[in-house]
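Inside the fold
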Amino acid sequence: MPSIHPAIDNGIQKGDPNFSGGKLYCHCPSKKVEVTLASNVAHNHACGCSKCWKPSGALFSVVGVIPKDAVSITANADKVHVIDETAAIQRNACKECGVHVFGRIVNDHPFKGLDFVHTELSDQKGWQEPQFAAFVSSIIEQGFKPDGMDAVREKFKKEGLQSYDVLSPPLMDLIATYTGQKSGKLPAKL
Ligand SMILES: N[C@@H](CCC(=O)N[C@@H](CSCO)C(=O)NCC(=O)O)C(=O)O
Ligand SMILES: [Zn+2]
Ligand SMILES: [Zn+2]
């Protein structure tokens, strides 16, 4: 089977619940973009969607969320650009190596205030390990043959990750709560 992701292929290493953040670097050999995260991430997950950055050869991205106020570009900010301003998650990438250094939600959205980051861009240990696999069926849209999907879902199961074809139930509940409150069908105060 092709690589799911280097952080999952040979077993998942558990994070440190007391870990308090660190630095991410793009893949440029010099003048690396440096992003400083002032906390650990949450809801870290494998994502099979076509938009999240994946390391070369991997079928999935691994991406977690962090409050946007805990994210800052601390070196070579001039190399960073937004790859698609119309996407819900505006992915800020290095213009030279293409790595997504963080994704930010700018428009009205249930996850506004959270940034999406790839902790594999850090050389520090302790980041939260992947908790689930999201948008698993989306890899088919990118050319993965449907008859290989059982093996992919089996691999996630073996590594202790539940597969979903959207996000995990807690995140889907957050999205639905936001939508229900916006339409007035759900009280603003719960
Ligand atoms: N099948 C599509 C799905 C793309 C998608 O909806 N991705 C999600 C998850 S990204 C991180 O979990 C999403 O919220 N996207 C918003 C955005 O990317 O701006 C595909 O594969 O493209
Ligand atoms: Zn770079
Ligand atoms: Zn994604």
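Only a predicted model underlies this, so the values are computations on that prediction, with no experimental measurement involved. (Residues numbered from 1 in each chain as written. Chains lettered and ligands numbered in written order. Predicted model: local features only at pLDDT ≥ 70, side-chain atom pairs only at ≥ 80, totals over all residues. Heavy atoms only, no water.)

Some points on helix α3 (residues 149–158)
Residue pairs three or four apart in sequence face the same way in an α-helix, which turns once every 3.6 residues. Residues Met149, Val152, Lys155 and Phe156 constitute the buried set of α3. All buried residues of α3 project into a common sector of 125° when viewed along the axis, lining one side. Exposed side chains of α3 directed beyond 90 degrees from the buried face belong to Asp150, Lys157 and Lys158. Looking at the buried positions of α3, the neighbouring elements they touch are α1 (6–9), β3 (42–47), β10 (132–134), α2 (138–141) and β11 (162–163). Just downstream of α3, glycine 160 is the residue with a positive phi angle, here 85°. (Buried < 20%, exposed > 50% of the residue type's maximum accessible area, 1.4 Å probe, protein only. Helix = DSSP H or I, 4+ residues; strand = E, 2+ residues; numbered from the N terminus. Arc of directions from axis to C-beta. Contact = heavy atoms within 4.5 Å.)

So, the environment of glutamate 129
Mapped onto the elements, glutamate 129 comes out in the loop between β9 (114–117) and β10. Each C-alpha atom of the pair glutamate 129 and alanine 75 lies 26 Å from the other, and the pair is 54 residues apart in sequence. Beyond its immediate sequence surroundings of up to four residues, glutamate 129 is in contact with Ile12, Gln13, Lys14, Gly15 and Asn44.

Notes on the UniProt feature "binding site: Zn(2+) 1" (unreviewed entry) in the chain
In this numbering, the UniProt entry assigns the feature "binding site: Zn(2+) 1" (unreviewed entry) to Cys26, Cys28, Cys94 and Cys97. The greatest C-alpha distance among the annotated residues, which extend across 72 residues, is 8.5 Å, indicating that they converge on a single site. Contacts of cysteine 94, omitting those with residues within four sequence positions, involve Cys26, Cys28, Val33, Lys79, His81 and Val99. On the secondary structure map, cysteine 97 appears in the loop between β7 (89–94) and β8 (100–105). (UniProt positions renumbered as here; feature names shortened; annotations may be inferred.)

A closer look at the coordination of the zinc ion (ligand 3)
Donor atoms from the polypeptide that bind the zinc ion (ligand 3) are Cys47 (SG), Cys49 (SG) and Cys52 (SG), placed at 2.2 to 2.3 Å. Seen from the zinc ion (ligand 3), its 4 donor atoms lie at angles of 94 to 125°, and the figure they make is tetrahedral. Sequence positions of the residues that donate to the zinc ion (ligand 3) give the spacing C-x1-C-x2-C. Pair check on accessibility: cysteine 47 and cysteine 52 agree, each one buried. (Donors = N, O, S within 2.8 Å, 3.2 Å for Na, K, Ca; no water. Tetrahedral: all angles 85-135°; square planar, octahedral: opposite > 155°, others 65-115°.)

Considerations on the packing of aromatic side chains
As enumerated under the stated definition, the model contains 3 aromatic pairs in all. Measuring from centroid to centroid gives 4.7 Å for phenylalanine 19 and tryptophan 127, while their planes differ by 70°, and the two rings are edge-to-face. Remark: tryptophan 127 occurs in the loop between β9 and β10 and phenylalanine 19 occurs in the loop between α1 and β1 (22–25); sequence separation between them is 108 residues. Judged by centre distance (6.1 Å) and plane angle (65°), the ring pair of phenylalanine 132 and tyrosine 164 falls under edge-to-face. You can see phenylalanine 132 sitting in strand β10 and its partner tyrosine 164 sitting in the loop between β11 and α4 (169–183), a full 32 residues away along the chain. Given the relative accessible area of 5%, phenylalanine 132 is considered buried. (Phe/Tyr/Trp six-rings, centres within 6.5 Å; stacked < 30°, edge-to-face > 60°.)

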